[in-house]
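# Chain and residue survey
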Amino acid sequence: MNTQETEIQAVSQLFKVLSDPTRLRILLYLKQGERNVSSISENLAMEQSAVSHQLKLLRDNRLVKARRDGKAMLYSLDDHHVLDILDQTFRHVSHH
């Protein structure tokens, strides 16, 4: 696979991950800063196990990062590019 094809596959995978409303809600909530699974679960009114599953997918695709704080894991957006992608996409959607 050439470089362009590899990049196309990576972009396609990113949009697949972003296509899920629950994962989008998690990312938008994390725009406010670091959160633990309990806080995210409460905010989304979802079971912690379901949120943890979504966080793993987001981490595997480098949209979210985690750090340990004592016994808790704190999740945050991986970098400012995640915000840029979300902001641009929401602007595009609201433009129509």
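Notes on the structure follow. (Residues numbered from 1 in each chain as written. Predicted model: local features only at pLDDT ≥ 70, side-chain atom pairs only at ≥ 80, totals over all residues. Heavy atoms only, no water.)

## Description of the nonpolar core
To keep things clear, this is the line we draw: Only buried Ala, Val, Leu, Ile, Met, Phe, Trp, Tyr and Cys residues count toward a nonpolar core, and they belong to the same one when joined by side-chain atoms within 4.5 Å. Residue burial is assigned from relative accessible area. The probe radius is 1.4 Å, only protein chains are included, and a residue is buried under 20% of its type maximum, exposed over 50%, and partly exposed in between. Put simply, DSSP H or I for four residues or longer makes a helix, DSSP E for two residues or longer makes a strand, and each gets a number counted from the N terminus. Here, residues are in contact when the closest pair of their heavy atoms is within 4.5 Å.
Core analysis: the biggest nonpolar cluster contains 19 residues, and I26, L27, I40, L55 and L63 have the highest contact counts within it. Where this core is concerned, the elements lending two or more residues are α1 (3-18), α2 (21-30), α3 (37-44), α4 (48-60), β3 (72-77) and α5 (80-95). Counting residues per element, this core draws most heavily on α2, at four residues. Setting aside residues no more than four positions away along its own chain, L27 makes contact with L18, L58, L63, V64, L77, V82 and L86.

## Comments concerning the sheet that holds strand β2 (residues 64-69)
Rule in force here: For two strands to pair, DSSP has to find at least two bridges joining them. Between the N-to-C directions of two axes lies an angle of 0 to 180 degrees, each axis being a line fitted to C-alpha atoms and, for a helix, fitted only over the stretch in contact.
Read across the sheet, three strands follow the order β1-β3-β2 without closing on themselves; strand pairing throughout is antiparallel. A strand with exactly one partner marks an edge of an open sheet, and here the two such strands are β1 (35-36) and β2. By the bridge criterion, two bridges tie β1 to β3 in an arrangement that is antiparallel. If you follow N36 over to β3, its bridge partner there is L74. Against the sheet, α2 touches β1, β2 and β3, its axis set at about 90 degrees to β3.

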